[in-house]
Amino acid sequence: MADTVGPILVLNGPNLNMLGIRQPEVYGSDTLDDIVELCNKTAARFGREVNTFQSNSEGALIDRIHAARRVESGIVINPGGLTHTSVALRDALVIPEVPIMEVHISNVHAREEFRHHSFVSPIATAVIAGMGIQGYAAAIEFLATR
């Protein structure tokens, strides 16, 4: 298991690089850079660091999760659309043996029915949905104070 004071990995899946452009009525005007800045500031308040990674490729996300084993102490992940489709991503998330925080900017349960199912939620320590980008700060604070 990773050192409990190791960095926290913040993963963002497909299309999250388009935040601020894609459906601002659903996701707001904040960008991925705003999320990274918020995560860094939140972690610093607790004397912690974050490593961030975004990819539109399922394989790249899985490879990054594999690399987290024995390096990062927790994972905050917004899997984007892969939340509802990827068993492979779910299976990869158990490999690092660290707490997993699933984050969604919008309230996925108030949206289309296909968004109501998550392959990640059953293995997540907690799920945060509908808090906008503040959900990332809440997830990091939770991991940093565990």
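This text follows the structure it describes.
Residues numbered from 1 in each chain as written. Predicted model: local features only at pLDDT ≥ 70, side-chain atom pairs only at ≥ 80, totals over all residues. Heavy atoms only, no water.

Visitor: Is there a simple way to think about helix α2 (residues 32-45) in this case?
Guide: Three or four residues apart is the spacing at which side chains of an α-helix point the same way, because the helix has 3.6 residues per turn. Between the first and last C-alpha of α2 there are 20 Å, a value that for 14 residues agrees with the 20 Å anticipated at 1.5 Å per step. Of the positions making up α2, those classed as buried are Leu32, Ile35, Leu38, Cys39, Thr42 and Ala43. Take α2 and look down its axis: the buried residues cluster within an arc of 125 degrees, on one side only. Turned more than 90 degrees away from the buried face of α2 sit Asp33, Lys41, Ala44 and Arg45, all of them exposed. On its buried face, α2 sits against β1 (8-12), β2 (50-54) and α5 (134-144). Directly beyond the C-terminal end of α2, a positive phi value near 70 degrees is found at Gly47. (Helix = DSSP H or I, 4+ residues; strand = E, 2+ residues; numbered from the N terminus. Expected span 1.5 Å × (residues − 1). Buried < 20%, exposed > 50% of the residue type's maximum accessible area, 1.4 Å probe, protein only. Arc of directions from axis to C-beta. Contact = heavy atoms within 4.5 Å.)

Visitor: Help me understand the sheet that holds β2 in this model?
Guide: Adjacent strands of a sheet form backbone hydrogen bonds with each other and so pair up, either parallel or antiparallel. Here 5 strands make up an open sheet; going across it, the order is β2-β1-β3-β4-β5 and the pairing parallel. Each edge of the sheet is formed by a strand with only one pairing partner; in this case those strands are β2 and β5 (126-129). Averaged over all neighbouring strand pairs, the angle between strand axes comes to 15 degrees, with direction disregarded. For β1 and strand β3 (residues 74-78), the ladder comprises 5 bridges, and the chain directions are parallel. Directly across from Leu9, in β3, lies its bridge partner Ile75. Against the sheet, helix α3 (residues 58-68) contacts β1, β2 and β3, and its axis sits at roughly 175 degrees relative to β1. (Pairing = 2+ DSSP bridges. Axes fitted to C-alpha atoms, helices over the stretch in contact; angles between N-to-C directions.)

Visitor: Help me understand α3, please; the structure alone is not making it clear to me.
Guide: Residues of α3 that are buried include every one of Leu61, Ile62, Arg64, Ile65 and Ala68, and no others. Down the axis, α3 shows its buried residues gathered within 160 degrees of arc, on one side only. Those residues of α3 that are buried are in contact with β1, β2, β3 and α4 (87-93). Just beyond α3, the residue with positive phi is Arg70, at close to 65 degrees.

Visitor: Explain the pairing of β1 here, please?
Guide: In terms of burial, β1 is a largely internal element, 5 of the 5 residues being buried. Here β1 shows no split at all, with Ile8, Val10 and Asn12 on one side and Leu9 and Leu11 on the other all buried. Where β1 meets β2, 5 bridges bridge the pair, whose relative direction is parallel. The residue of β2 that forms the bridge with Leu11 is Phe53.

Visitor: Can you help me understand the packing of α2 against α5 in this one?
Guide: For any two helices packed against each other, the geometry is given by the interaxial angle and the distance between the axes. The interhelical angle for the contact between α2 and α5, taken along N-to-C directions, is 30 degrees, at an axis separation of 9 Å. Classed by the angle they form, the pair α2 and α5 counts as roughly parallel. At the point where α2 passes α5, the crossing takes the right-handed sense. Taken together, the residues of α5 that come into contact with α2 (itself represented by Ile35, Leu38, Cys39, Thr42, Ala43 and Arg45) are Gln134, Tyr136, Ala137, Ile140 and Glu141. Residue composition of the contact of α2 with α5, by class: 7 nonpolar, 2 polar and 2 charged. (Parallel < 35°, antiparallel > 145°, perpendicular 65-115°, else oblique. Left-handed = near helix turned anticlockwise from the far one by under 90°. Nonpolar A, V, L, I, M, F, W, Y, C, P; charged D, E, K, R; others polar.)

Visitor: Can you walk me through the side chain of Ser73 in this structure?
Guide: Within the secondary structure, Ser73 is located in the loop between α3 and β3. A polar side-chain atom of Ser73 sits 2.6 Å from a polar atom in the side chain of Arg48. (Polar contact = N/O pair within 3.5 Å; in protein donor to acceptor, adjacent residues only side chain to side chain.)

Visitor: Where do I start with the pattern of salt bridges in this structure?
Guide: Close approach of charged atoms allows side chains with opposite charge to pair. Considering all chains together, one arrives at 5 salt bridges under this definition. Linking Glu141 and Arg45 is a salt bridge whose minimum nitrogen-to-oxygen distance equals 3.8 Å. Of the two residues, Glu141 is situated in helix α5 and Arg45 in helix α2; the sequence distance between them amounts to 96 residues. According to the relative accessible area criterion, Glu141 is partly exposed, its value standing at 35%. For Arg45, a relative accessible area of 56% translates into the label exposed. A salt bridge links Glu97 to Arg69, with the nearest nitrogen and oxygen atoms 3.3 Å apart. In this pair, Glu97 is assigned in the loop between α4 and β4 (100-104) and Arg69 in the loop between α3 and β3, connecting sequence segments 28 residues apart. On the accessibility criterion, Glu97 (42% relative accessible area) is partly exposed. (Salt bridge = Lys/Arg side-chain N within 4 Å of Asp/Glu carboxyl O.)

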